[in-house]
Amino acid sequence: MPIAAVQNHYSLAERKHEAVVDYCERENIVFVPYFPLRDVGGRALVEIADRHGATPAQIALAWLLNRSPVTLPIPGTLSLEHLKENLAALEIELTEEEFEALR
């Protein structure tokens, strides 16, 4: 039976599974990072968020979505407001320079 998805702890702050993300992309396997917003912070993140009129969490999600086309983050939330905020990250297009600044 083929593998349909891989779920690992992965975020801007936790990147020990970079090779797994790359493997999943090569093999067209969905990569599901859990805790995608844990320990989100840093000067570059805040500056990029300010430029986009977004929250740091939205930029962190946009980075994950830009990291690989097979990435499907699952940020948890208990409120409709945060759900809408998280979904708005889909509309954020990071420049190559912004993406690299967060790498």
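Residues numbered from 1 in each chain as written. Predicted model: local features only at pLDDT ≥ 70, side-chain atom pairs only at ≥ 80, totals over all residues. Heavy atoms only, no water.

Check the secondary structure of the chain and you find five helices and two strands. Listing the helices and strands of the chain from first to last along the sequence gives β-α-β-α-α-α-α. The C-alpha radius of gyration computed for the chain amounts to 13 Å, which stays within 12% of the reference 13 Å derived for 103 residues, consistent with globular compactness. With the C-alpha coordinates of the chain rotated into their principal frame, the extents come out at 45 × 30 × 20 Å. Expressed as a percentage of the 103 residues in the chain, the buried residues total 38%. Considering only residue pairs separated by 6 or more positions, the chain has 73% of its internal contacts joining residues 24 or more positions apart. Surface accessibility of the chain: about 6,400 Å² in total, with carbon and sulfur atoms responsible for 54%. (Helix = DSSP H or I, 4+ residues; strand = E, 2+ residues; numbered from the N terminus. Rg over C-alpha atoms; globule rule 2.2 N^0.38 Å. Buried < 20%, exposed > 50% of the residue type's maximum accessible area, 1.4 Å probe, protein only. Contact = heavy atoms within 4.5 Å. Areas by Shrake-Rupley, 256 points an atom, 1.4 Å probe, with all protein chains shown as cover.)

On to the packing of helix H2 (residues 43-52) against helix H3 (residues 56-67). Between H2 and H3, the least distance of the axes is 8 Å, while the angle of their chain directions is 100°. Between H2 and H3, the crossing angle belongs to the class labelled roughly perpendicular. Along the contact surface, H2 presents Leu-45, Val-46, Ile-48, Ala-49 and His-52, while H3 presents Pro-56, Ile-59 and Ala-60. Grouping the constituent residues of the contact of H2 with H3 by class yields seven nonpolar, one polar and no charged. (Axes fitted to C-alpha atoms, helices over the stretch in contact; angles between N-to-C directions. Parallel < 35°, antiparallel > 145°, perpendicular 65-115°, else oblique. Nonpolar A, V, L, I, M, F, W, Y, C, P; charged D, E, K, R; others polar.)

A few words now on the pattern of salt bridges. A complete count under the given rule lists five salt bridges for this structure. Note that Glu-18 and Arg-67 form a salt bridge whose closest N and O atoms lie 2.7 Å from each other. Of this pair, Glu-18 sits in helix H1 (residues 18-27) while Arg-67 sits in helix H3, and the two are 49 residues apart along the sequence. (Salt bridge = Lys/Arg side-chain N within 4 Å of Asp/Glu carboxyl O.)

A cluster of nonpolar side chains, namely Leu-80, Leu-83, Leu-87 and Leu-90, defines an oily patch on the protein surface of about 390 Å² accessible area. Within the secondary structure layout, Leu-90 lies in the loop between helix H4 (80-88) and helix H5 (96-102). (Patch = residues over 30% accessible without salt bridge, like charges linked within 9 Å, V, L, I, M, F, W, Y side chains within 5 Å.)

Residues with a pLDDT of 70 or more make up 100% of the chain, whose mean pLDDT is 93. Of all helices and strands in the chain, the one with the weakest mean pLDDT is H4 (92), whereas H1 scores best (97). (pLDDT = per-residue confidence, 0-100.)

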